[in-house]
Amino acid sequence: QVRLVESGGGLVQPGGSLRLSCRASGSEYSIYTMAWYRQAPGKQRELVARITSGRNTFYADSVKGRFTISRDNAKNTVDLQMDSLKPEDTAVYYCSLDIYWGQGTQVTVSS
C-alpha cells in the first residue's frame, strides 16, 4: 500500500540546478529515514543522500556541498536540491522509504 512517486527530473546543462521531489503515501512517513539513490547505466546504485526523522543528514562525498536533502512531514515529501550539476550526476534517481522504492526519475546533465 506504500507508494513513492518521484518528480522533478529532466535535462539540465552543466552548472545548472534541479529540484527532485518524492511524495510518500500509505505509510507513517514521518518516523522513517528517507533517502535518495541514483543509478547510471553500467554503474552500481549508490546512496546520494539520506535524512532521518530527526533531520540528520548524510551525503555522498561526490555530492557533498552541491546537493541538499530536506523533508516536509506535513506534505509527506522529501526533496533533493541539486546545484552545480555535473555530467557525472546523470542517472536515474530513486526515492526510498524503509523497504520501498519509487520508480525513479531521470536526470540528465548535458550541454
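Further up the page is the structure itself.
A brief look at the structure comes next. A quick note: this is a predicted structure, and the numbers were derived from the prediction, not measured.

Reading the values: the criteria
- Residues numbered from 1 in each chain as written.
- Predicted model: local features only at pLDDT ≥ 70, side-chain atom pairs only at ≥ 80, totals over all residues.
- Heavy atoms only, no water.
- Pairing = 2+ DSSP bridges.
- Helix = DSSP H or I, 4+ residues; strand = E, 2+ residues; numbered from the N terminus.
- Axes fitted to C-alpha atoms, helices over the stretch in contact; angles between N-to-C directions.
- Disulfide = S-S within 2.5 Å.

Before going further, it helps to examine the sheet that holds strand 8 (residues 77–82). Pairing is antiparallel in the open sheet, where four strands are placed in the order 1-3-8-7. If you trace the sheet from one side to the other, it starts and ends with strand 1 (3–7) and strand 7 (67–72), each paired once. Pairwise comparison of adjacent strand axes, ignoring direction, gives a mean angle of 15° for this sheet.

The full count for this structure, using the stated rule, is one disulfide. Between the sulfur atoms of Cys 22 and its disulfide partner Cys 95 the distance amounts to 2.2 Å. Its S-S torsion of approximately -80° makes the covalent link between Cys 22 and Cys 95 left-handed. Taken as a pair, Cys 22 in strand 3 (residues 18–25) and Cys 95 in strand 9 (residues 91–97) lie far apart in primary sequence, 73 residues in all.

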